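Report on the structure
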Amino acid sequence: MTSREGVRIVDSADVADSAVIGAGSSVWHLAQVREEAVLGEGCIVGRGAYVGTGVRMGRHCKLQNYALVYEPAVLEDGVFVGPAAVFTNDHYPRSVTPDGDLKRGDDWEAVGVTCREGSSIGARAVCVAPVTIGRWAMVAAGSVVTKDVPDFALVAGVPARRIRWVGRAGESLEQTGDHEWTCPRTGEQYLEHDDTLTEAS
């Protein structure tokens, strides 16, 4: 097992020299972290996971086994990406040009997935870029996300649609008024307006 200062990188992992790995982070077996990627403090990159060139991850993010996060994805603090989830990065994926020539790295425009603070992506979900997953939102396992997900929304299905609201603890919120919602675990309150949810001040 090799390590940078305060970082655990197992020997079978492939971490580019130019990648920045925050203190307290772990990169596990067969994972790959590409050039110029930046991981904040306390991140976990699970077995066989992939972090693309220049991907940005905040503090305390978790990529579970075989998650594929292609550039130019941005993950804010506390993002969870479940096993075998995939973030795409190409509007028009092709191996060859219309003339049949092999496409090269510079003849397409990369688009990314953005995950806001505390959001969670379930196992085997696919996020089709460009999309933004809102703060503390959750994407159910196996879903295909093709449009932006609001803050605190739980989305599911193919394509994914909002099925309920969730709080910071991840539990479904209970409606306690005409436009008021409450977390059964923490007691935190939220207000709904025009299909958006905000924390009550």
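Anyway, here's the lowdown on the structure attached to this text.

Here is what the cut-offs are and how they apply
Residues numbered from 1 in each chain as written. Predicted model: local features only at pLDDT ≥ 70, side-chain atom pairs only at ≥ 80, totals over all residues. Heavy atoms only, no water. Helix = DSSP H or I, 4+ residues; strand = E, 2+ residues; numbered from the N terminus. Polar contact = N/O pair within 3.5 Å; in protein donor to acceptor, adjacent residues only side chain to side chain. Contact = heavy atoms within 4.5 Å. Pairing = 2+ DSSP bridges. Core = buried A, V, L, I, M, F, W, Y, C linked by side-chain atoms within 4.5 Å. Buried < 20%, exposed > 50% of the residue type's maximum accessible area, 1.4 Å probe, protein only. Phe/Tyr/Trp six-rings, centres within 6.5 Å; stacked < 30°, edge-to-face > 60°.

For Ser-25, the location among the structural elements is in the loop between strand 3 (20-21) and strand 4 (26-27). Polar contacts involving the side chain of Ser-25 include one to the main-chain carbonyl oxygen of Gly-22, which spans 3.0 Å. Engagement of the side chain of Ser-25 in a polar contact is seen with the backbone oxygen of Gly-40, the distance being 3.0 Å. With sequence-adjacent residues up to four places away left out, Ser-25 is seen in contact with Gly-6, Val-7, Arg-8, Gly-40, Glu-41, Gly-42 and Cys-43.

Glancing now at the sheet that holds strand 19 (residues 138-139). Pairing is mixed in the open sheet, where nine strands are placed in the order 1-4-7-10-13-16-19-21-22. Edge positions in the sheet fall to strand 1 (8-9) and strand 22 (161-165), since each has one partner strand and no second. Summarising the sheet, strand 19 and strand 21 (residues 153-156) pair through two bridges and their orientation is parallel. Paired with Met-138 across the two strands is Leu-154, which belongs to strand 21.

Moving on, we get to the nonpolar core. Core analysis: the biggest nonpolar cluster contains 53 residues, and Leu-63, Leu-75, Phe-87, Ile-121 and Ile-133 have the highest contact counts within it. Elements with a minimum of two residues in this core: strand 15 (113-115), strand 18 (131-133) and strand 21. When neighbours within four sequence positions are excluded, Leu-63 is seen to be in contact with Ile-44, Val-45, Gly-46, Ala-49, Val-51, Met-57, Val-69, Leu-75 and Val-81.

This part takes up the environment of Glu-109. Turning to its location among the elements, Glu-109 is positioned in the loop between strand 14 (86-87) and strand 15. Classification of Glu-109 by relative accessible area gives exposed; the value is 62%. Put simply, Glu-109 and His-91 are 18 residues apart on the chain and 8.0 Å apart in space, counted from C-alpha to C-alpha.

Relative to the assigned elements, Lys-103 resides in the loop between strand 14 and strand 15. As for Lys-103 and Pro-93, which are separated by 10 residues in sequence, their C-alpha atoms are 9.9 Å apart. In this view, Lys-103 contacts Tyr-92, Arg-94, Ser-95, Val-96, Thr-97 and Trp-108; residues no more than four positions away in its chain are not counted.

The next point concerns the sheet that holds strand 6 (residues 38-39). The six strands are arranged 3-6-9-12-15-18 in an open sheet whose pairing can be described as parallel. Taken across any chain shown, the strands that pair with only one partner, and hence form the sheet edges, are strand 3 and strand 18. Of the strand pairs in this sheet, strand 3 and strand 6 are connected by two bridges, and their pairing is parallel. From the neighbouring strand, Ile-21 faces strand 6, where its bridge partner is Leu-39.

What follows is about the packing of aromatic side chains. Under the defined criterion, the tally for this structure stands at two aromatic pairs. With centroids separated by 5.0 Å and ring planes inclined at 65°, the aromatic side chains of Phe-152 and Tyr-190 adopt a geometry described as edge-to-face. One end of the pair, Phe-152, is in the loop between strand 20 (144-145) and strand 21; the other, Tyr-190, is in strand 25 (residues 189-193), with 38 residues separating them in the sequence. Both residues of the pair, Phe-152 and Tyr-190, belong to the buried class.

Here Ser-120 is to be found in strand 16 (residues 120-121). Ser-120 sits in the buried class, given a relative accessible area of 18%. Setting aside chain neighbours within four positions, we find Ser-120 in contact with Phe-80, Ala-137, Met-138 and Val-139.

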